[in-house]
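Tertiary structure, described
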Amino acid sequence: MIIKEKREKKKRRSMETKSLAFMVLVMAAVAGGMWEVKMAGAAPSAAQCKEERSLAVNACKPVIFGKLPSPECCQRARVTHFECVCPNVTPKLAAMVDLKRILRLIEGCGRKVPRHYKCGSITTP
């Protein structure tokens, strides 16, 4: 029973990591548009960032199962501060996603993807 619980926990962690990876790439896509807005306001607190990441991961979880981003997922992409997401992009996280697929999905959300934008360990083409 303990082994089964450990497998389930590992599976959940993997899904959350992949959802976060998707959101990281979404944030890279919206960074250009959000930068102007961000300059006018204060930076989000650590607690706000944690909440934004949690909401984004939950909204975009179906994407890791091959589904298209929901309207809620695309909305999270538009409102989540990239400053909250990009610092979490590690090489391990970046290796877990298909960048071309993610870029197509981001564009499907109606966001333009900036060229050569660096978000953690990922740089867009």
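Please read all numbers here as calculations on a predicted model, not as lab measurements. (Residues numbered from 1 in each chain as written. Predicted model: local features only at pLDDT ≥ 70, side-chain atom pairs only at ≥ 80, totals over all residues. Heavy atoms only, no water.)

**Structural notes on the overall build of the protein chain**
Scanning the protein chain from N- to C-terminus turns up 6 helices and 2 strands. Across the 125 residues of the protein chain, 38% fall into the buried class. When contacts within the protein chain are restricted to residue pairs at least 6 apart in sequence, those whose partners lie at least 24 apart make up 81%. Surface exposure of the protein chain reaches about 7,800 Å², of which carbon and sulfur atoms provide 57%. (Helix = DSSP H or I, 4+ residues; strand = E, 2+ residues; numbered from the N terminus. Buried < 20%, exposed > 50% of the residue type's maximum accessible area, 1.4 Å probe, protein only. Contact = heavy atoms within 4.5 Å. Areas by Shrake-Rupley, 256 points an atom, 1.4 Å probe, with all protein chains shown as cover.)

**Some remarks on the state of the cysteines**
Working definition: the covalent bond between the sulfur atoms of two cysteines is a disulfide. Across all of its chains, the model carries 4 disulfides by this definition. Residue Cys-86 pairs covalently with Cys-119 via a disulfide, S to S 1.9 Å. When the S-S torsion is -105°, as for the bridge of Cys-86 with Cys-119, the disulfide is left-handed. Residue Cys-86 is found in the loop between α4 (82–85) and α5 (91–94), and its partner Cys-119 is found in strand β1 (residues 118–119); the two are separated by 33 residues along the sequence. In this pair, the class of Cys-86 matches that of Cys-119, namely buried. If the cysteines joined by disulfides in the protein chain are listed in sequence order, their pairing comes out as 1-5, 2-3, 4-7, 6-8. (Disulfide = S-S within 2.5 Å.)

**Some points on the nonpolar core**
Of all hydrophobic cores here, the largest spans 10 residues; its members are Ala-59, Cys-60, Val-63, Cys-73, Val-97, Ile-102, Leu-103, Leu-105, Ile-106 and Val-113. Within the residue set of this core, elements represented by two or more residues are α2 (46–60) and α6 (99–108). With 4 residues, the single largest contributor to this core is α6. In terms of nonpolar packing, the next biggest core, distinct from the first, is built from 6 residues, Cys-86, Val-89, Ala-94 and Cys-119 among them. (Core = buried A, V, L, I, M, F, W, Y, C linked by side-chain atoms within 4.5 Å.)

**Examining the side chain of Glu-52**
Relative to the helices and strands, Glu-52 is located in helix α2. For the buried Glu-52, no salt bridge is present, and the opposite-charge side chain at shortest range is Arg-76, 5.3 Å distant. At 2.7 Å, the side chain of Glu-52 and the side chain of His-81 are in polar contact. When neighbours within four sequence positions are excluded, Glu-52 is seen to be in contact with Arg-76, Val-79, Thr-80, His-81 and Cys-84. (Lys, Arg positive; Asp, Glu negative; His and termini not counted. Salt bridge = Lys/Arg side-chain N within 4 Å of Asp/Glu carboxyl O. Polar contact = N/O pair within 3.5 Å; in protein donor to acceptor, adjacent residues only side chain to side chain.)

**With respect to the environment of Cys-73**
Of note, Cys-73 is situated in helix α3 (residues 71–79). For the pair Cys-73 and Cys-60, spaced 13 residues apart in the sequence, the C-alpha separation amounts to 5.0 Å.

**Considerations on α3**
Of the residues making up α3, those classed as buried are Cys-73, Cys-74, Arg-76 and Ala-77. Looking straight down α3, one finds that the buried residues subtend no more than 155° of arc, so they occupy a single side. Along α3, the residues that are exposed and aim more than 90 degrees away from the buried face are Pro-71 and Glu-72. (Arc of directions from axis to C-beta.)

**Let's talk about the packing of α2 against α3**
The N-to-C vectors of α2 and α3 enclose an angle of 155°; their axes lie 8 Å apart at closest approach. By the angle between their axes, α2 is roughly antiparallel relative to α3. In this structure, the crossing between α2 and α3 has a hand that is left-handed. For the pair α2 and α3, contact is made by Glu-52, Leu-55, Ala-56, Ala-59 and Cys-60 and by Glu-72, Cys-73, Arg-76 and Val-79, respectively. Residues of the contact of α2 with α3, tallied by class, amount to 6 nonpolar, no polar and 3 charged. (Axes fitted to C-alpha atoms, helices over the stretch in contact; angles between N-to-C directions. Parallel < 35°, antiparallel > 145°, perpendicular 65-115°, else oblique. Left-handed = near helix turned anticlockwise from the far one by under 90°. Nonpolar A, V, L, I, M, F, W, Y, C, P; charged D, E, K, R; others polar.)

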